[in-house]
Amino acid sequence: MAQVISCHYRPRIIRELIMKTMVVGAVLSAALLCAGANVAQVQARVPAEVLARAELSMLVKGRIDVEPDGRVSAIRVDDEAEYSEAVMRFVRDTVRGWEFEPIIQQGQAVAFTTPMSLRLVASQAGGGAFDIRIASQSFSEYDPQDRSIVRNDRMQPPRYPEAAYRAGITGTVYLALAVGRDGKVVEVAAKQVDLTSAGNERQMQQARQILADASLQAARRWTFLPPETGDDAVAQSWVVQVPVSFQLAGTAERLPSSRWLPYIPGPRLEVPFLQDEDEPVNTALADGGVYMSGRTGPRLKLPQDN
């Protein structure tokens, strides 16, 4: 189960961060449904309430070293030089305060290193200030050489829908798939669709549907390699999660920062074949991976666990 932890930072620190990147309205204008619109056109087409609650998001990946007692001893961020010092300070201060459940081998707690993927979200706090938080985190990574998990066999990416391309719609669809022993998709559903482009409520609902439909159409043709070793090899079926990203070429270059993107999360959608409907969607999963349900990696202790 993904563990969602809110880690708010002081507004003055976030102001330092955001001032070096952009204000939300300017970011949204770069990735709006109507490509090429100027700021005045953007403000006219996007309701003020949408802009007011719009957020910024980025994915931070790296590795964490953990001591036998579960305390974090070191953190290494991929491409750290590309992030602002404010972002790195927030990540380091937060992660160093974490504690993991010990991993026991032969009766002894051991030190370990875990992959890390963090979904950072900056939300407006009023007065031009922003709060930053870790909205989701993942401590697993997809290894196509690991024969104990469900692996990609043939996963042709979906075609970018023509309507979405013309309108400049961008975002990520989080799919849940039930995979049978023959490697074929038995069932598939969209768990959530997060947008990185904005419009009014009706436009964004249509945008989410367009991206979800394209993802589902492609996913029904995918095939996978079932687990060959380990406890999961004897199962009759498996549930996996796959994030599907739709980003237009050159979007990152048009934005003031290649890391922060507009972030308009969608509602959690019903997936009939999932056993735990209360499990939150893990938006920290990296693109290009196949993630088995129940394979979440080391468990991070929550405050109520202590």
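Please read all numbers here as calculations on a predicted model, not as lab measurements.

## A word on the overall build of the protein
Okay, step 1: Helix and strand counts for the protein stand at eight helices and 13 strands.
Okay, step 2: Taking all 306 residues of the protein together, 51% fall into the buried category.
Okay, step 3: Contacts in the protein between residues at least 24 apart in sequence constitute 76% of all its contacts with a sequence separation of at least 6.
Okay, step 4: As displayed, the protein offers around 15,100 Å² of accessible surface, 48% of which is attributable to carbon and sulfur atoms.

## A look at the packing of aromatic side chains
Okay, step 1: Taken as a whole and judged by the stated rule, the model has six aromatic pairs.
Okay, step 2: Ring geometry for Tyr160 and Tyr165: centres 6.4 Å apart, planes at 80°, overall edge-to-face.
Okay, step 3: A relative accessible area of 26% means that Tyr160 is categorised as partly exposed.
Okay, step 4: Measuring from centroid to centroid gives 5.5 Å for Tyr160 and Phe246, while their planes differ by 85°, and the two rings are edge-to-face. Of this pair, Tyr160 sits in the loop between strand S7 (151-154) and helix H6 (162-167) while Phe246 sits in strand S11 (residues 237-246), and the two are 86 residues apart along the sequence.
Okay, step 5: The class of Phe246 is buried, set by a relative accessible area of 2%.
Okay, step 6: What links up through ring pairs into an aromatic cluster is the set Trp98, Phe100, Phe112 and Phe139.

## So, the sheet that holds S11
Okay, step 1: If you trace the four strands from one edge of the open sheet to the other, you get S9-S8-S11-S13, paired in antiparallel fashion. In the strand order of this sheet, the two ends are held by strand S9 (185-195) and strand S13 (291-292), each with one partner.
Okay, step 2: Note: S11 against S13, two bridges, orientation antiparallel. Bridge pairing links Val240 to Met292 in S13.
Okay, step 3: Against the sheet, helix H7 (residues 201-219) contacts strand S8 (171-180), S9 and S11, and its axis sits at roughly 150° relative to S9.

## Brief notes about helix H5 (residues 85-95)
Okay, step 1: Of all eleven residues making up H5, eight are buried, and the element is well covered by its neighbours.
Okay, step 2: Those residues of H5 that fall on the buried side of the exposure criterion are Ala86, Val87, Met88, Phe90, Val91, Arg92, Thr94 and Val95.

## Quick notes on the environment of Asn282
Okay, step 1: Assignment of secondary structure puts Asn282 in the loop between strand S12 (261-263) and S13.
Okay, step 2: Residue Asn282 is classed as buried on the basis of its relative accessible area, which comes to 10%.
Okay, step 3: Sequence separation of Asn282 and Gln192 is 90 residues, and the distance between their C-alpha atoms is 9.7 Å.
Okay, step 4: At a separation of 2.8 Å, a polar atom in the side chain of Asn282 contacts the side chain of Ser136.
Okay, step 5: A polar contact of 3.1 Å, which involves the side chain of Asn282, links it to the backbone oxygen of Gln137.

Calculation criteria
- One numbering rule holds for all chains: residues counted from 1, following each sequence as written.
- In keeping with the predicted nature of the model, local features appear solely for residues at pLDDT of at least 70, side-chain atom pairs appear and are counted solely at 80 or more, and the whole-chain, interface and lining totals rest on all residues.
- Side-chain numbers come from the whole structure's heavy atoms, not from hydrogens or water.
- Note on conventions: DSSP H or I runs of at least 4 residues are helices, E runs of at least 2 residues are strands, and numbering of each starts at the N terminus.
- Relative accessibility decides the category of a residue: with a 1.4 Å probe and only protein chains considered, values under 20% of the type maximum give buried, values over 50% give exposed, and everything between is partly exposed.
- Note on contacts: a residue pair qualifies if any of its non-hydrogen atoms lie within 4.5 Å across the two residues.
- Accessible areas in this description were obtained via Shrake-Rupley with a 1.4 Å probe; residue shielding takes into account the shown protein chains only.
- Note on aromatic pairs: the rings of Phe, Tyr and Trp (six-membered ring only in Trp) are paired at centre separations within 6.5 Å, and the planes decide the class, stacked below 30 degrees, edge-to-face beyond 60, tilted for the rest.
- For two strands to be treated as a pair, DSSP must find at least two bridges joining them.
- Axes here refer to lines fitted to C-alpha atoms; in helices the fit is confined to the stretch in contact. Angles between the N-to-C directions go from 0 to 180 degrees.
- Under this definition, polar contacts are N or O atom pairs within 3.5 Å; protein pairs additionally need one hydrogen-donor-capable and one acceptor-capable atom, and for neighbouring residues in sequence, both atoms have to be side-chain atoms.

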